[in-house]
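# Structural overview
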Amino acid sequence: MDLDAFNELLTPRGRRALAEAGELAGADPVAAATRLRRTYDAALTSAALTQAGLRERATAKFGEDARLMYFTPHGLEQATRAEVAGHRAARLVAAGVPEPRVVDACCGIGGDLVALARAGCTVEAVDTDPLTAAVARANAEALGLGGRVTVRVADAAGVEPERYDVLFADPARRTSRGRTFDPMAYSPPWPVVLDLVSRARTACLKVAPGIPYTFIPEGAEAEWVSFKGEVKEATLWTGQGAGRHADRRATLLPGGHTLTAAGVLAAVGPAGRYVYEPDGAAIRAHLVGEVAELVGGRLLDPMIAYITGDDPVDTPWAARYEIDDVLPFSLKKLRVALRERKIGNVTIKKRASAVDIERLRSDLRLNGDRAAVIILTRILDKPSVIICNPPSPR
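Turning our attention to the sheet that holds strand β16 (residues 343–350). Read from one edge to the other, the open sheet built from 7 strands follows the order β13-β14-β12-β15-β18-β17-β16, with strand pairing classed as mixed. Strand pairing shows two members of the sheet lacking a second neighbour, β13 (298–301) and β16, which therefore form its edges. When the angles between neighbouring strand axes are averaged without regard to direction, this sheet yields 45°. Across 3 bridges, β13 lies against strand β14 (residues 304–309) in antiparallel orientation. When the sheet's bridge partners are listed, Arg298 is paired in β14 with Thr308. Where helix α11 (residues 288–295) meets the sheet, it contacts β12 (274–278), β13, β14 and β15 (318–328), and its direction lies at approximately 10° from that of β14. Its contacts with the sheet put helix α13 (residues 357–364) on β16 and β17 (370–379), and the angle it makes with β16 is roughly 155°.

What follows is the structure in structure tokens.
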């Protein structure tokens, strides 16, 4: 979809085509295109069907708003989930001045600027791609936020953060070869981002959850955000946005639970009755010791994020499994142990193990009517397997 085709979607005729394409969601693509071509030309038919398909996919991130919004394939892939953007916008507003003026230096299709505007911010947004900027502008208008948002085509490097209360930046993490995990390959590159941050009163940066700690600016707070158990992203906060007493934070959504670094060093000890698997946000934020303290547990291995304990503690910060047995890893011994227990269905987890999960599943030749969770890991540097009872439904 090019800019001309997108602009046509915004006309009354284009809106009608898009509405009709939405009604054909799930239909055979050829039949849908044939039906629309009776009324519309090929370019508008293609643009409408593409946009309808993107809206359908976008409901997972944007809920009912997706029915009104516009997307590009890459823009949707990189856009922030609405709940995550809303959490970040609320935290930003709570930390700074009322109704702050925010510059969104890499706005994409506008997922974050929508959340910022809804939180009471006035947002001036830029993006280097004319189509992407047009989509962001259309989304602000479609959701009734046009009075709080302006979008223009510009290079983030030319933004003047000194003129605003807050700098928000979500550097693109995709190159011509696909997704990149190297901040130096972001667009704009990391040195440009850091220059913008250095000139901002308050800055909020969305980055990949795997960002190396060496790239985190001095004095910044890094927050890892997990949504329904999946780590979505990290946010770097500087200025008023950063927590006063924390350099690392993990947040769980939709519950809003937050854990900050307290310098807890977990003890190491033998397996107890239970094993706890910390949420990925806590692991990324190096808060496994804090989670161990919450459950009264200890590490099975000083270098691996599995916690064991003797008491069943409920916490949103870790999944708990009851241990049935702990064995040195051996395919033969594991196969025998599962056969003796009549285990025919296993959930396999691993950390610090080179075992291929799908090959192991095949090699186990399971046969039985019971289920189990097996954890492949290293305990005191020895390859081990923990056989656990499946968790009870909550």
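Now that the structure has been shown, we can carry on.
The sheet built from 9 strands is open, its strands ordered β3-β2-β1-β4-β7-β9-β8-β10-β11 with mixed pairing. Unpaired on one side and paired on the other, β3 (149–153) and β11 (257–260) mark the two borders of the sheet. Each adjacent strand pair in this sheet contributes to an overall mean axis angle of 20°, direction not counted. Packed on one face of the sheet, helix α9 (residues 190–198) meets β4 (166–169), β7 (203–207) and β9 (230–238) and runs near 160° to β7.

Turning to the packing of aromatic side chains, a few remarks are in order. For the structure shown, the criterion picks out 5 aromatic pairs. Here Phe6 and Tyr70 contribute two aromatic rings whose centre-to-centre distance is 5.5 Å and whose plane-to-plane angle is 90°, an arrangement assigned as edge-to-face. With Phe6 in helix α1 (residues 3–9) and Tyr70 in the loop between α4 (42–62) and α5 (73–78), the pair connects residues that are 64 residues apart, well separated along the chain. Looking at Tyr70, the relative accessible area reads 3%, which means it is buried. On the basis of an interplanar angle of 75° and a centroid distance of 6.4 Å, the ring pair of Trp190 and Phe215 is categorised as edge-to-face. Linking Trp190 in helix α9 with Phe215 in the loop between β7 and β8 (221–227), this pair joins segments that are 25 residues apart in sequence. Ring pairs connect the aromatic residues Tyr186, Trp190 and Phe215, which therefore count as one cluster. The ring of Tyr70 carries Arg55 above its face, with NZ or CZ at 4.8 Å from the centroid.

With that out of the way, let us pick up the pairing of β14. Most of β14 sits out of view: 6 of its 6 residues are buried. Here β14 shows a buried face lined by Ile304, Tyr306 and Thr308 and a second buried face lined by Ala305, Ile307 and Gly309. Bridge analysis of β12 against β14 gives 3 bridges, and the strand direction is antiparallel. Paired with Val275 across the two strands is Thr308, which belongs to β14.

Among the structural elements, Arg88 can be located in helix α6 (residues 82–95). By relative accessible area, which is 3% here, Arg88 ends up buried. Contacts of Arg88, omitting those with residues within four sequence positions, involve Thr80, Asp112, Phe168, Cys204, Lys206, Glu233, Thr235 and Trp237.

Reading the values: the criteria
- Residues numbered from 1 in each chain as written.
- Predicted model: local features only at pLDDT ≥ 70, side-chain atom pairs only at ≥ 80, totals over all residues.
- Heavy atoms only, no water.
- Pairing = 2+ DSSP bridges.
- Helix = DSSP H or I, 4+ residues; strand = E, 2+ residues; numbered from the N terminus.
- Axes fitted to C-alpha atoms, helices over the stretch in contact; angles between N-to-C directions.
- Contact = heavy atoms within 4.5 Å.
- Phe/Tyr/Trp six-rings, centres within 6.5 Å; stacked < 30°, edge-to-face > 60°.
- Buried < 20%, exposed > 50% of the residue type's maximum accessible area, 1.4 Å probe, protein only.
- Lys NZ or Arg CZ within 6 Å of the ring centre and 35° of its normal.

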